[in-house]
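# Examination of the molecular architecture
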Amino acid sequence: MKVKVIVTLKNGVLDPQGKAIQQTLNGMTFDNVSEVRQGKYFDIEVNESDESKAKSQVEEMCKKLLANLVIEDYEIL
Amino acid sequence: MKSSVIIFPGSNCDRDMDVALKKFGFENQMVWHNDAKIPKSDLIVLPGGFSYGDYLRCGSIAGKSKIIKSVIDFANSGGLVLGICNGFQILTETGLLPGILQQNKYLNFICKNVFVKIKNKENKYFKKIKKEVLELHIAHNEGNYFCSNDELKSIEDNDQIAVTYCDHKGNDDEKNNPNGALKNIAGIFNKDKNILGMMPHPERMIDPFLSGEDGSLFFENLIESL
């Protein structure tokens, strides 16, 4: 089955790319954009039919590789 | 003294490091990332570059490569492990050093000479260096050191800050911070001071005609201390 993961920077961690995107949007007349935070999205195909087993494996993957927990949070969709 | 430089796909400072180590008397060997074991060494170096194309996060894939387990075992048994630039990023991704190197604050790749202040000489890496400030070279996009407040407190309490960015007089204030690194941190140790990660490249400063000689002081001290 396919498991989807989003990795984002934790609140309070500097995101210079998000800031640059926000400023560009503001410059493109999207004046009402007050913040952009950039993240990563993963589509993971796991050869496992049991949903909870697949998700718990993906959780391990997030902790060990996909996210660096010093600065990032992960969410399994 | 025997040293090993690990080559990852995308390493590009490995040969410079090899030249530097040999110049100052190390018997150096190059070790491929896919090898299972590291030959007997007194020092292991993780060189600069862009291991695995900096995919996912800088150093994250190298931090799970086949050779890394023996690097971790060597480090945990007290062996000297030096990570320069991408090597520093790899060391944080393996968990051997705390924190992480984030993208530079102003989103620019920085390639220039900087001054760094030696903050701790009670270790084999800086023990006999007489100078307090070294001129070294940096070339990175992700050198912005970051860690949590708790980790920072622990790093400071254990004197783990190795070098900080400063001016030629040693003022390590925000004005002399090239990349936004927390507390101007350019390099840190683990608690036992046998592992050092730093962004500046001493191997690029070993020739008075090409660059400068402050890197020579680093390697001269290293071979003497071992």
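### Quick look at the overall build of chain B
- Helix and strand content of chain B: five helices and eleven strands.
- Taking 2.2 N^0.38 as the reference for a compact globule, 226 residues should give roughly 17 Å; the C-alpha atoms of chain B span a radius of gyration of 16 Å, in line with that estimate.
- Taken across its 226 residues, chain B has 51% of its residues classed as buried.
- When contacts within chain B are restricted to residue pairs at least 6 apart in sequence, long-range pairs at least 24 apart make up 74% of them.

### Re the overall build of chain A
- Secondary structure summary: chain A contains two helices and three strands in total.
- When the elements of chain A are put in sequence order from the N terminus, they spell out β-α-β-α-β.
- For 77 residues, the compact-globule estimate of 2.2 N^0.38 gives 11 Å, and chain A exceeds it by more than 25% at 16 Å.
- Summarising its shape, the C-alpha atoms of chain A cover approximately 45 × 25 × 15 Å along the three principal directions.
- The buried share of chain A, taken over its 77 residues, is 13%.
- Relative to all contacts within chain A whose residues are 6 or more apart in sequence, the contacts with residues 24 or more apart total 61%.

### Regarding the pairing of strand β1 (residues 2-9) of chain A
All names here are of chain A.
- Bridge count for β1 against strand β2 (residues 39-45) is seven bridges, and the pairing is antiparallel. Within the sheet, the bridge partner assigned to T8 lies in β2 and is G39.
- With five bridges joining them, β1 and strand β3 (residues 72-76) adopt antiparallel strand pairing. Bridge pairing in β3 links T8 to D73.

### Description of helix α1 (residues 14-23) of chain B
- Those residues of α1(B) that fall on the buried side of the exposure criterion are B:D14, B:M17, B:D18, B:A20 and B:L21. Seen from one end, α1(B) has its buried residues packed into an arc of 170 degrees, which puts them on one side.

### Quick look at the sheet that holds β3(A)
All names here are of chain A.
- With antiparallel pairing, the three strands of this open sheet are ordered in space as β2-β1-β3. Strands at the two margins of the open sheet, each flanked by one partner only, are β2 and β3. In this sheet, neighbouring strand axes are inclined to one another by 20 degrees on average, regardless of whether the strands run parallel or antiparallel.
- Packed onto the sheet, helix α2 (residues 51-66) meets β1, β2 and β3 and runs at close to 35 degrees relative to β1.

### A look at helix α3 (residues 86-94) of chain B
Residues and elements named next belong to chain B.
- Along α3, nine of the nine residues are buried, which leaves the element largely enclosed by surrounding structure.
- Those residues of α3 hidden inside the fold are in contact with β3 (43-46), α2 (68-76), β4 (80-84), β5 (100-102) and β11 (195-198).
- Of the residues one or two after α3, G95 is the one with positive phi, at around 90 degrees.

### Some words on the interface of chain B and chain A
- Between chain B and chain A, the contact holds twelve residues from the first and eight residues from the second.
- Looking at the side of chain B that touches chain A, its residues break down into four nonpolar, five polar and three charged.

### Quick look at the sheet that holds strand β1 (residues 2-7) of chain B
Residues and elements named next belong to chain B.
- Across the sheet, nine strands lie side by side as β2-β1-β3-β4-β11-β10-β9-β6-β7; this open sheet has mixed pairing. Whereas interior strands pair on both sides, the edge strands pair on one side only; in this sheet they are β2 (27-32) and β7 (133-140). With strand direction ignored, the average angle separating the axes of adjacent strands in the sheet is 25 degrees.
- The pairing of strand β6 (residues 110-118) with strand β9 (residues 161-166) spans four bridges and is antiparallel. Within β9, the position partnered with V116 by the bridge is Y165.

### Regarding the pairing of strand β10 (residues 185-189) of chain B
Residues and elements named next belong to chain B.
- The buried fraction of β10 amounts to five of the five residues, a majority that puts the element mostly inside the structure.
- As paired strands, β9 and β10 are joined by three bridges and run antiparallel to one another. Looking at the pairing, V163 lines up with G187 of β10.
- Following β10, the chain reverses through five residues before pairing antiparallel with β11; K193 in that reversal takes a positive phi of roughly 65 degrees.

### Considerations on the confidence of the model for chain B
- Averaged over all residues, the pLDDT of chain B equals 96, while 100% of them reach at least 70.
- Here the complex is predicted with pTM 0.92, and the ipTM for its interfaces comes to 0.79.

So, how was this worked out
- Residues numbered from 1 in each chain as written.
- Chains lettered and ligands numbered in written order.
- Predicted model: local features only at pLDDT ≥ 70, side-chain atom pairs only at ≥ 80, totals over all residues.
- Helix = DSSP H or I, 4+ residues; strand = E, 2+ residues; numbered from the N terminus.
- Rg over C-alpha atoms; globule rule 2.2 N^0.38 Å.
- Buried ≥ 20, exposed ≤ 12 C-beta atoms within 10 Å, placed from the backbone.
- Contact = placed C-beta atoms within 7 Å.
- Pairing = 2+ DSSP bridges.
- Arc of directions from axis to C-beta.
- Axes fitted to C-alpha atoms, helices over the stretch in contact; angles between N-to-C directions.
- Nonpolar A, V, L, I, M, F, W, Y, C, P; charged D, E, K, R; others polar.
- pLDDT = per-residue confidence, 0-100.

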